[in-house]
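What follows is the residue order along each chain.
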Amino acid sequence: MVDATAGHEVLTFFDAWSGYNQIKMHPQDQEKTAFMSERGIYCYKVMPFGLKNAGSTYQRLVNKMFKQQIGKTMEVYIDDMVVKSKKAGMHMEHLADTFQTLREFKMKLNPSKCSFGVSSGKFLGEARKKESLAITGNQDGEIWTLYIDGASNARGAGVGLVLQSPKGDMIVQAIRCEFKATNNEAEYEALILGMQMVSGLKVRNLRVYSDSLLVVNHVNNEYVARDPKMIAYLKIATERKSKFRTFKITQVPREQNVEADALATLGSTFQPAELSNIPITHVLTPAIQGEPDQRPMKEDVHTQCAWCHSAQGARTLVSAVGQQDADWRVPYLNWLRDGTLPEDRKEAQIFRIKASRYIMIDNILFRKSLAGPCLRCLSKEEAETVLQDVHSGEYENHAGGRSLSNKILRQGYFWPTMRADAVNHAKRCESCQKAAPAIHQPAEPMHPIISPWSFMMWGMDIVGKLPRAPGNRVYMLAMTDYLSKWI
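Definitions and limits used
Residues numbered from 1 in each chain as written. Predicted model: local features only at pLDDT ≥ 70, side-chain atom pairs only at ≥ 80, totals over all residues. Heavy atoms only, no water. Pairing = 2+ DSSP bridges. Helix = DSSP H or I, 4+ residues; strand = E, 2+ residues; numbered from the N terminus. Axes fitted to C-alpha atoms, helices over the stretch in contact; angles between N-to-C directions. Expected span 1.5 Å × (residues − 1). Buried < 20%, exposed > 50% of the residue type's maximum accessible area, 1.4 Å probe, protein only. Core = buried A, V, L, I, M, F, W, Y, C linked by side-chain atoms within 4.5 Å. Contact = heavy atoms within 4.5 Å. Salt bridge = Lys/Arg side-chain N within 4 Å of Asp/Glu carboxyl O.

Participant: Run through the sheet that holds strand 1 (residues 10-15), naming residues and quoting values.
Facilitator: Backbone hydrogen bonds hold the strands of a sheet together, and the pairing may be parallel or antiparallel. What the four strands build is an open sheet, ordered 4-5-1-6; its pairing is antiparallel. Each edge of the sheet is formed by a strand with only one pairing partner; in this case those strands are strand 4 (74-77) and strand 6 (115-118). In this sheet, adjacent strand axes meet at a mean angle of 15° when their direction is disregarded. Bridge count between strand 1 and strand 5 (residues 80-85): six bridges; the pairing is antiparallel. Looking across to strand 5, one finds that phenylalanine 14 is bridged to methionine 81.

As structure tokens, this is what we get:
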């Protein structure tokens, strides 16, 4: 039942008052519930909680009451009911139909346990929150926390970002600035790049922690910026700050910002030729030169944030009819958009169970993950690009099939056949075949031989009786070498 509410915008939770006691006992069955007390003998006129079949009887009642709504606008489990609406504007109409049914059957509710018009609630012992909050954090009060740091030394400048969701999921990123920058400029780059990253996640409430006293006081209008570059950076940061519903930046000691500091040091220290398998994004120009959102960056697919990709391609996913049959994501997107199910009842039930593992955010399909943030679902073409880039891209390591698929999962991508595709891709790689260890195993099982060298053992047989030959010979003596099979 909890999974059946996936993809709905507004939920209302009901709890029946004294549940089973609202069902009256048949007059002939009332005496069967009789019990003795100090004041006399009594019996139940309503169904007591202690009856063995009380739960199933009550479930049959509510199934008959709400048979027109169950599976469409309602889900019911004994005395717990939830009214669900995919669109908030339809919720009042769905509630009106539910109350009409409750009045018709004279069922009473417990107001203290009812929750109206919410996007999250506690139902059957499980917290049911709006699915998009798993990534986007759009709900009021949900804050993402961002730790930032910038570093500059003789080898270059770098930025470290650590983004933490209310659930504890973390996204980390190390960025190298491919231009000269002072320490203060690197700190501003960290702030601007961090706000740029969370804007792509549709975050509305943000709390930033930085160990730069100068940047924090500039943004909080406690210090006045006088250097031209600092003024330009502050202007960009102020513009981005205004796009959030709530924004707060706080200065913290370096000891409380060790993760972001380590990432910034990593980005500033390593040169591109030394990176090996360490994923680092490269910013080629400062934020104060041109549009910050459109400045060139150099990054490999497996270093990108899977949740920040543009939704432009996903919005046109179902624009062509021919693509609908080929893309495995289309049935799930149609279900999440308008509740489309297979016509066959059994297939529809199986599909709903599978679809409960997916959510849609900005027309992009994501799969829920037990180990961290949700996984972005890829088409066949996108999957092939990711396989190629992770296996033999800029920071190639030509991993095997199993290792390759696990690495892609850790980067936040998913498609149903990723394990088999990764194995096949690794087998097709020409470089992997050339560098693979030589296989000395024979192509087929070896068979033992009796004779170790030629003419050591012979076989002899007499053939005949043959037509008479010169010398009156009518028999032939045949001798065969066991090794060479010579006759």
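Participant: How would you explain helix 4 (residues 183-200) if you had to name every residue and give the values?
Facilitator: If you check helix 4, its first and last C-alpha atoms are 26 Å apart, about what 18 residues at 1.5 Å a residue would give, namely 26 Å. Along helix 4, 13 of the 18 residues are buried, which leaves the element largely enclosed by surrounding structure.

Participant: Break down the nonpolar core for me, citing the residues and quoting the values.
Facilitator: Membership of the largest hydrophobic core comes to 38 residues, with the highest contact counts inside it found for Leu163, Leu191, Leu206, Val208 and Phe247. Apart from the residues within four sequence positions on either side, valine 208 is in contact with Leu146, Ile148, Leu191, Phe247, Lys248, Ile249 and Thr250. Counting 22 residues, the second-largest nonpolar core is a separate cluster that includes Tyr332, Leu365, Cys377 and Ala422.

Participant: Outline the pattern of salt bridges, listing residues and values.
Facilitator: One pass over the full model with this rule turns up eleven salt bridges. Across the pair aspartate 149 and arginine 254 runs a salt bridge, and its minimum N-O distance is 3.9 Å. Here the residue aspartate 149 occupies a position in strand 9 (residues 144-153), and arginine 254 occupies one in the loop between strand 13 (246-251) and helix 7 (258-269), the gap between them amounting to 105 residues. Looking at arginine 254, the relative accessible area reads 46%, which means it is partly exposed. Linking aspartate 211 and arginine 254 is a salt bridge whose minimum nitrogen-to-oxygen distance equals 3.9 Å. Taken together, the positions of aspartate 211 in the loop between strand 12 (205-210) and helix 5 (213-219) and arginine 254 in the loop between strand 13 and helix 7 put the pair 43 residues apart, joining distant regions of the chain.

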